[in-house]
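Observations on the model geometry
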Amino acid sequence: MRDEREWIHALLDAGTPAGDVPSDDDDARLVKSYRSALALLEESRERAPEGFTASVMAALPDGVEAGWIDRLRSFWPDRGRWALPTLAGALATLILAAGLALFQRESTQGLVPVTFEVHAPDAQRVELVGSFTGWKPGQILLQGPDATGHWRATLRLPAGRHEYAYLLDGREWIADPEVAARRPDGFGRENAVIQL
Amino acid sequence: MPSRRCWVAAAVALLLTEPPLSWAGERPNAVPKVVRSEATRLVEEGTRAGVDRSRLEALVRRLSRAGLSAEASRQVLYPAFDAARTGLPSNVVLEKVEEGLLKKAAPLALAEASRRRLEALRRARKLLSAANLAPGSRRSQPLLLTTALALESGVTDQLLDATLDRAGGRSSSQVKSAVEAAEALWLAGLEPAIVEALAADCLNRNLKRADVLRVVRFAEEKKRQGMAGAAIREALWKAAGKAARPPAVMPRPAAPGVNSRDPSATPPGAPRAAAP
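Residues numbered from 1 in each chain as written. Chains lettered and ligands numbered in written order. Predicted model: local features only at pLDDT ≥ 70, side-chain atom pairs only at ≥ 80, totals over all residues. Heavy atoms only, no water.

**Considering the overall build of chain A**
Note the cut-off: Helix and strand definitions follow DSSP, with helices as H or I runs of at least four residues and strands as E runs of at least two, each counted in order from the N terminus. Using the Shrake-Rupley algorithm and a 1.4 Å probe, accessible areas are obtained, with residue cover drawn only from the displayed protein chains.
From N to C terminus, chain A includes five helices and seven strands. Listing every helix and strand of chain A by position from the N terminus yields α-α-α-α-α-β-β-β-β-β-β-β. Carbon and sulfur atoms provide 58% of the accessible area of chain A, an area that totals close to 13,700 Å².

**Observations regarding the pattern of salt bridges**
Residues and elements named next belong to chain B. The cut-off we apply is this: Salt bridge, as applied in this entry: a Lys or Arg side-chain nitrogen positioned within 4 Å of an Asp or Glu carboxyl oxygen. Three labels apply to residues, based on accessible area from a 1.4 Å probe with only protein chains included: buried if under 20% of the type maximum, exposed if over 50%, partly exposed otherwise in between.
Throughout the structure, instances matching the rule amount to 31 salt bridges over all chains. The closest approach of N and O atoms between Glu99 and Lys96, which form a salt bridge, is 3.1 Å. Note that Glu99 and Lys96 are positioned in helix H5 (residues 90-102) at a spacing of three residues, about one turn of the helix. The pair formed by Glu99 and Lys96 is uniform in burial state, with each residue classed as buried. Put simply, Arg209 and Glu180 hold a salt bridge, and the shortest N to O gap is 2.8 Å. Remark: Glu180 occurs in helix H9 (residues 172-188) and Arg209 occurs in helix H11 (residues 209-224); sequence separation between them is 29 residues. Take Arg209 and Glu180: they sit in the same class, and that class is buried.

**Describing the environment of B:Ala134**
All names here are of chain B. For clarity, the cut-off: Whether two residues touch is decided by their heavy atoms; if any such pair falls within 4.5 Å, the residues are in contact.
When you line up the elements, Ala134 lands in the loop between helix H6 (107-130) and helix H7 (141-152). Note on Ala134: relative accessible area 42%, which makes it partly exposed. When residues no more than four places from it in sequence are discounted, the contact partners of Ala134 are Leu128 and Ser140.

**What to know about the side chain of B:Arg209**
How we decide: Under the rule applied, a polar contact is a pair of N or O atoms within 3.5 Å (in protein, one hydrogen donor and one hydrogen acceptor; residues adjacent in sequence only if both atoms are side-chain atoms).
A residue is classified by how much of its surface remains accessible, and B:Arg209, at 18% relative accessible area, is buried. Among the polar contacts listed, one links the side chain of B:Arg209 to the side chain of B:Glu180, at a separation of 2.8 Å. Apart from the residues lying within four places of it in its own chain, the contact partners of B:Arg209 are A:Ala159, A:Gly160, A:Arg161, A:Gln195, A:Leu196, B:Ser177 and B:Glu180.

**A word on the pairing of strand E7 (residues 190-195) of chain A**
Residues and elements named next belong to chain A. Cut-off, in case you're wondering: Here a strand pair is declared whenever DSSP counts at least two bridges between the two strands.
Extensive coverage of E7 is indicated by the burial of five of its six residues. Across four bridges, the pairing between strand E4 (residues 161-168) and E7 is antiparallel. Following the sheet pairing, Tyr164 is matched in E7 by Ala192. Sheet analysis places strand E6 (residues 182-184) next to E7, joined by three bridges and oriented antiparallel.

**So, the interface of chain B and chain A**
Stated formally: The buried area of a pairing is the accessible area, by a 1.4 Å probe, that goes missing from both parts when the two are put together, added over both. Asp, Glu, Lys and Arg are counted as charged, while Ala, Val, Leu, Ile, Met, Phe, Trp, Tyr, Cys and Pro are counted as nonpolar; the rest, among them Gly, fall into the polar class.
At the junction of the two partners, chain B supplies 36 residues and chain A supplies 35 residues. For the chain B and chain A pair, buried surface summed over both sides reaches about 3,200 Å², with 55% attributable to carbon and sulfur atoms. Here chain B and chain A share four salt bridges between them. Where A:Arg183 meets B:Glu152, a salt bridge forms, and the shortest distance between an N and an O atom there is 2.3 Å. Taken together, the connections running from chain B to chain A amount to twelve residue pairs in polar contact (both at pLDDT 80 or more). Looking at the side of chain B that touches chain A, the elements that each hand over two or more residues are H5, H6, H7, H9, H11 and strand E1 (272-273) of chain B. Counting residues per element, the side of chain B that touches chain A draws most heavily on H5(B), at six residues. Of the residues contributing to the side of chain B that touches chain A, the split by class is 16 nonpolar, four polar and 16 charged.

Below you can see the structure in the form of structure tokens.
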């Protein structure tokens, strides 16, 4: 039975049967009726009138530009609902501009190179501690001493006012003797003050 | 007899597993329960006031390690709590305490420095309010801090008041630079009238920060060379091609602790900063 069905399907799909017509009389009659139905269907197919395709194409809008304009127009809200998208766009622009300005400020007004130098020929270790290290020790060690007994460190510090002192061998505090601005630290010593 | 052996074994085991009480003080984290609860209360109080919790916890631990009692720690930290409660930046008060701890300052000196920093912040806020410079806003915080530090350095309220009065129409950064210049010139030993005049010049001439720094360096250099204040100002603007009328200079009384240095003992030079 399955073979017969396959045969019928092949007949309907391709118009020509694959293999022999089934031998059974009923099946043969069935096939015959299918064939006549198929022939009827083919005869009843209506063909499109002459020039139909040309008339449909003529009814379509002209050119590619018109399509893009319509597409763009579809993004714009109707009935005066323009305030929200406009404000959203303005806000986004503002945020972008502010972000760029902030980034510019951080990158261009950032750090100023500065060299610290102190004469301490007898010291074994010289540290620089100040407001820029949060008064935490051990972060900036000066290199030295050189042949003249000087210790030196070059840093890049944020522009502004800074207070600092040198810590010699972990126990002796001295304010930079080479800067004009020094102030009492409130603990019986002095800090140097620099402006960058 | 077996029961006595058991007791001895238990006592030996106890001795081996638990160090004697006298060792407890040598353990790094050994803080008596009473002290620990006091410290916790202090941290809670500061956090409620608005102080940064983690920084406060670290500071309380350091104060405890430095041997300060709970009451002494409270005296040291209260100005920071007060600052936070009244909308002033508490972090600069804590920074002063950290500086003092690093320099192994005595508890009384720590408390005094902390209190002085709070007092300077309050005075600065008053000055900024008088000059309509919105001391409460976040944007004016750097100016508030700069003014407070200038006051702490000994610059008078009157001088800063006169400088801030000329801030109209200038940017916050320009006003801050003028106040910093006033502090630097004051610490360099110039007369108050000259300091005030130079700070006013910076604002009146609408100078940018880089130019203000040049003014300060020029004045410091000339002061080292022994030039008088009025002459420094005249030379400065002559050098700039725009001679300013010299101000009526009132002689400045010697400020103790500020002008005590011998200018000739400070050679010019470091730190050398490149132009920003």
